[in-house]
Amino acid sequence: MQIATMRVQYPLEPFDVDSLAPTWHEQLAAWLAEADAAGVVEPNAMVLATAGDDGRPSSRTVLCKGIDERGIVLFTNYTSAKSRELRALRYASATFPWYELHRQAHVRGTVSLAHPAETEAYWRSRPRGSQLGAWASAQSTIVPDRRTLDDALEAVTRRFEGQDVPVPPHWGGWRIEPEQVEFWQGRRDRMHDRLRFELDELDRTWRVRRLAP
Ligand SMILES: Cc1cc2nc3c(=O)[nH]c(=O)nc-3n(C[C@H](O)[C@H](O)[C@H](O)COP(=O)(O)O)c2cc1C
C-alpha cells in the first residue's frame with residue numbers, strides 16, 4: 001500500500017451560500033441527518049481537540065449528544081484529561097469527519113458545563129452497562145492491568161444491585177458554544193467548498209464567509 005498515492009476524486013454537487021440553512025445548528029443537524037441516512041458509521045462521532053496550559057494540543061473521538069442554538073453537547077468524565085484541559089482553557093474545537101459523504105463540519109468555541117438536569121436526562125437514557133462503566137472507570141488514569149478494571153466493574157455492579165444507578169459526581173456534559181462553524185464539502189480537483197458561519201463578537205450576529213480550499 002502506497003499512502004502517498006491514495007487519492008479519491010470528489011464529484012459532488014456545488015454547495016453555496018444559498019443552499020445553507022439559516023443557522024449553523026440547523027445546517028449541522030441537517031448534515032448529521034444526511035450522514036445518518038447515508039449509513040455513515042457513528043455519524044455523531046466528532047474529534048474533540050483541546051489544549052493544556054502548555055499550549056500542547058490533544059484530540060480524541062467523542063459522541064455529540066445534542067445540537068441546538070446554544071451549542072453542541074458531549075458527555076464524559078469530569079476528571080478526565082480532556083475535562084482538565086477544557087476547564088483550564090475554556091475553549092475547544094470539534095470536527096465531524098463524514099468521509100463517505102466527502103464532508104466535514106468544524107466547530108470552534110468556548111465551553112461550559114451542561115446543566116446537571118441535562119446530564120441527568122441523558123444519563124437516564126444510557127444502558128445500565130454504560131452507567132456502571134462510568135462509575136467503574138477513573139477515565140484517563142493509569143491502571144495496572146485489565147483485571148483491575150474488571151474488578152472495579154464487578155464491585156460497582158454489586159454496589160448498585162437492585163437499584164437505579166445514579167449519575168456519578170465525576171460525570172456529565174460539556175457544551176461547546178460556537179464562535180465559528182465551518183461546513184466543508186469535497187469538490188472536483190480539490191476545489192472544495194468551504195462555508196463558515198462566524199459570530200460577530202460586537203453585535204452577536206452571525207455571518208457567512210467562503211474560504212479558499
Ligand atoms: C467512536 C468513539 C466514541 C467515543 N465517545 C466518547 C464519549 O462520548 N465520551 C467519552 O468520554 N469518550 C468517548 N470515547 C473515548 C475517547 O476517545 C477517549 O479515549 C476518552 O474520552 C479519554 O480521553 P482523554 O483521556 O483525552 O480525556 C469515544 C471513542 C470512540 C472511538
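Residues numbered from 1 in each chain as written. Predicted model: local features only at pLDDT ≥ 70, side-chain atom pairs only at ≥ 80, totals over all residues. Heavy atoms only, no water.

Caption draft 1: Representation of the overall build of the chain in the model. Scanning the chain from terminus to terminus reveals five helices and eight strands. Each principal axis of the C-alpha distribution contributes one length, and for the chain these read about 55 × 50 × 40 Å. Looking at the chain residue by residue over its 213 residues, the buried ones come to 41%. Sequence separation of 24 or more characterises 64% of the internal contacts of the chain that already satisfy a separation of 6 or more. Split by element, the accessible area of the chain, about 12400 Å² in all, is 52% carbon and sulfur. (Helix = DSSP H or I, 4+ residues; strand = E, 2+ residues; numbered from the N terminus. Buried < 20%, exposed > 50% of the residue type's maximum accessible area, 1.4 Å probe, protein only. Contact = heavy atoms within 4.5 Å. Areas by Shrake-Rupley, 256 points an atom, 1.4 Å probe, with all protein chains shown as cover.)

Caption draft 2: Structural detail: the nonpolar core. Core analysis: the biggest nonpolar cluster contains 30 residues, and Leu28, Met46, Ile72, Phe96, Trp98, Ile176 and Phe183 have the highest contact counts within it. Of all elements in the fold, only α1 (24–37), β1 (45–51), β2 (57–68), β3 (71–77), β4 (91–98), β5 (103–113), β6 (171–185) and β7 (193–199) reach the threshold of two or more residues within this core. No other element matches α1, which puts five residues into this core. Dropping the residues within four chain positions of it, Met46 is found in contact with Arg60, Thr61, Val62, Cys64, Ile72, Leu74, Ala94, Thr95, Phe96 and Pro97. By size, the runner-up hydrophobic cluster in this structure holds twelve residues, among which are Val73, Trp123, Ala134 and Phe160. (Core = buried A, V, L, I, M, F, W, Y, C linked by side-chain atoms within 4.5 Å.)

Caption draft 3: Quick peek at the environment of Trp24. The residue Trp24 is located in helix α1 in this model. Among the residues examined, Trp24 registers a relative accessible area of 3% and is labelled buried. For Trp24 and Val208, which are 184 residues apart along the polypeptide, the C-alpha to C-alpha distance reads 9.4 Å. With residues up to four places along the chain from it excluded, the contact list for Trp24 reads Ile67, Asp68, Glu69, Gly71, Ile72, Pro178, Val181, Phe183, Phe197 and Trp206.

Caption draft 4: Quick peek at unusual backbone geometry. Phi is positive for Arg90, close to 60 degrees, though the residue is something other than glycine. Residue position: Arg90 is located in the loop between α2 (81–89) and β4. In the Ramachandran plot, Ser140 falls in the positive-phi region, its phi being about 80 degrees despite a non-glycine side chain. Looking at the secondary structure, you find Ser140 in the loop between α4 (128–136) and α5 (146–159).

Caption draft 5: Molecular detail of the pattern of salt bridges. Evaluation of the coordinates by the stated rule reveals 17 salt bridges. Of the charged contacts, one joins Arg70 and Glu118 as a salt bridge, the two residues approaching to 4.0 Å between their closest N and O atoms. Of this pair, Arg70 sits in the loop between β2 and β3 while Glu118 sits in helix α3 (residues 116–125), placing them 48 residues apart in sequence. Among the residues examined, Arg70 registers a relative accessible area of 42% and is labelled partly exposed. Glu118 gets classed as partly exposed once you look at its relative accessible area, which sits at 23%. Through salt bridges with shared partners, a single network forms among Arg196, Glu198, Asp200, Arg207 and Arg209. (Salt bridge = Lys/Arg side-chain N within 4 Å of Asp/Glu carboxyl O.)

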